[in-house]
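The chain contents come next:
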Amino acid sequence: LLVVGAAGGVGSILAQIARRLTSLRVIGTASREDSRRWVEELGAHDVIDHSLPLAAQVRALVPDGVTWIASLTQTDLHWSELVEALAPQGAIAVIDDPGPIDVRALKPKSAALHWELMFTRSLFGTPDQDAQGRLLQEVAHLVDNGVIRSTQGEHYGRIDAANLRAAHERIESGRMRGKAVLSGW
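The model shown is predicted, which means the values in this text are computed figures rather than measured ones.

> Please provide a residue-by-residue account of the overall build of the chain, values included.
Of regular secondary structure, the chain possesses seven helices and eight strands. Here the C-alpha radius of gyration of the chain, 17 Å, is about what a compact globule of 185 residues would show, namely 16 Å. Along the longest, intermediate and shortest principal axes, the C-alpha atoms of the chain span 50 × 45 × 35 Å. Expressed as a percentage of the 185 residues in the chain, the buried residues total 37%. Of the roughly 10600 Å² of accessible surface on the chain, a fraction of 56% belongs to carbon and sulfur atoms. For the chain, the distance from the average site of its 19 positive side-chain charges to the average site of its 22 negative ones is 2 Å.

Have a look at this one:
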């Protein structure tokens with residue numbers, strides 16, 4: 001499993017869950033030294049640099065390519081590298097909102113693309129919408145039992161315009177490690 005953006009909020013939870021609850025080899029991406037250490041601490045078997053071409057780094061670790069890719073950020077910037085790094089009949093899951101990507105590039109590999117949005121169940125009132133609560137409870141249980149750890153990153157203090165602006169700037173920088181937290185009014 002290649003996790004693009006493994007140092008971010010979603011990626012840091014995904015890397016832990018994949019490492020602790022599956023037998024997958026977890027390859028995370030991070031571009032800064034402190035982010036690399038963070039992803040290693042969370043349990044990734046390998047960490048590669050997403051500011052460099054990904055496919056060659058992946059192929060050096062897994063010559064036939066990775067079976068699964070979770071692209072959590074900057075999918076459009078990495079798209080051709082992701083497709084190249086993917087094994088035939090593999091799958092790419094995306095959660096961000098990339099610019100145009102050519103999904104036809106997946107056809108020669110008979111690969112799948114899955115787009116996920118956390119709020120789909122509630123937006124459309126799907127029959128399984130209560131599953132969201134169960135999933136979040138299970139993650140809370142894993143944290144409470146020390147199986148995975150919280151990925152709270154920087155705490156920006158109480159919720160006000162200045163702190164919200166500072167947190168948003170940090171998130172937009174693409175250099176966030178874990179989740180930004182604000183609390184209280």
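> Quick one: what's the story with unusual backbone geometry, residue by residue and with numbers?
Residues other than glycine seldom take positive phi values, yet Q74 does so here, at roughly 55°. Mapped onto the elements, Q74 comes out in the loop between β4 (66-71) and α4 (75-85). With relative accessibility at 35%, the residue Q74 sits in the partly exposed group. Of note, the phi angle at Q89 is positive, near 65°, even though the residue is not glycine. Its location among the elements puts Q89 in strand β5 (residues 86-94). For Q89, a relative accessible area of 65% puts it in the exposed group.

> Report on a nonpolar patch on the surface, specifying residues and quantitative values.
Judged by side-chain polarity, L117, M118, F119, L123, F124 and L136 come together as a nonpolar surface patch covering roughly 670 Å² of accessible area. By secondary structure assignment, the location of F124 is in helix α5 (residues 120-124). Overall, the relative accessible area of 65% leaves F124 in the exposed class.

> Lay out the environment of Q152 in plain terms, naming residues and giving numbers.
Tracing the chain through its elements places Q152 in strand β7 (residues 152-158). Along the chain, Q152 and V181 lie 29 residues apart, while their C-alpha atoms are 6.8 Å from each other. Sequence-distant contacts of Q152, that is, excluding residues within four places in its chain, are made with K179 and V181.

> Explain the layout of surface pockets to me, using residue names and the numbers behind them.
In this structure, the largest pocket spans a volume of roughly 1800 Å³. As for the largest pocket, its lining consists of 48 residues, and the residues nearest its centre are G9, V10, G11, L72 and I95. Mapped onto the lining of the largest pocket, the elements with two or more residues apiece are α1 (9-21), β5, α6 (131-144), α7 (161-172) and β8 (179-183). Considered class by class, the residues forming the lining of the largest pocket number 22 nonpolar, 18 polar and eight charged.

Each value, and the rule that gives it
- Residues numbered from 1 in each chain as written.
- Predicted model: local features only at pLDDT ≥ 70, side-chain atom pairs only at ≥ 80, totals over all residues.
- Heavy atoms only, no water.
- Helix = DSSP H or I, 4+ residues; strand = E, 2+ residues; numbered from the N terminus.
- Rg over C-alpha atoms; globule rule 2.2 N^0.38 Å.
- Buried < 20%, exposed > 50% of the residue type's maximum accessible area, 1.4 Å probe, protein only.
- Areas by Shrake-Rupley, 256 points an atom, 1.4 Å probe, with all protein chains shown as cover.
- Lys, Arg positive; Asp, Glu negative; His and termini not counted.
- Charge placed at Lys NZ, Arg CZ, Asp CG, Glu CD.
- Patch = residues over 30% accessible without salt bridge, like charges linked within 9 Å, V, L, I, M, F, W, Y side chains within 5 Å.
- Salt bridge = Lys/Arg side-chain N within 4 Å of Asp/Glu carboxyl O.
- Contact = heavy atoms within 4.5 Å.
- 1 Å grid on protein atoms, 1.4 Å probe; cavity = no way out; pocket = protein on both sides within 12 Å on 5 of 7 lines; lining within 4 Å.
- Points joined across faces, edges and corners; volume = space filled by probe spheres on them.
- Nonpolar A, V, L, I, M, F, W, Y, C, P; charged D, E, K, R; others polar.

Everything listed here is a matter of coordinates, which is why it stays silent on function.
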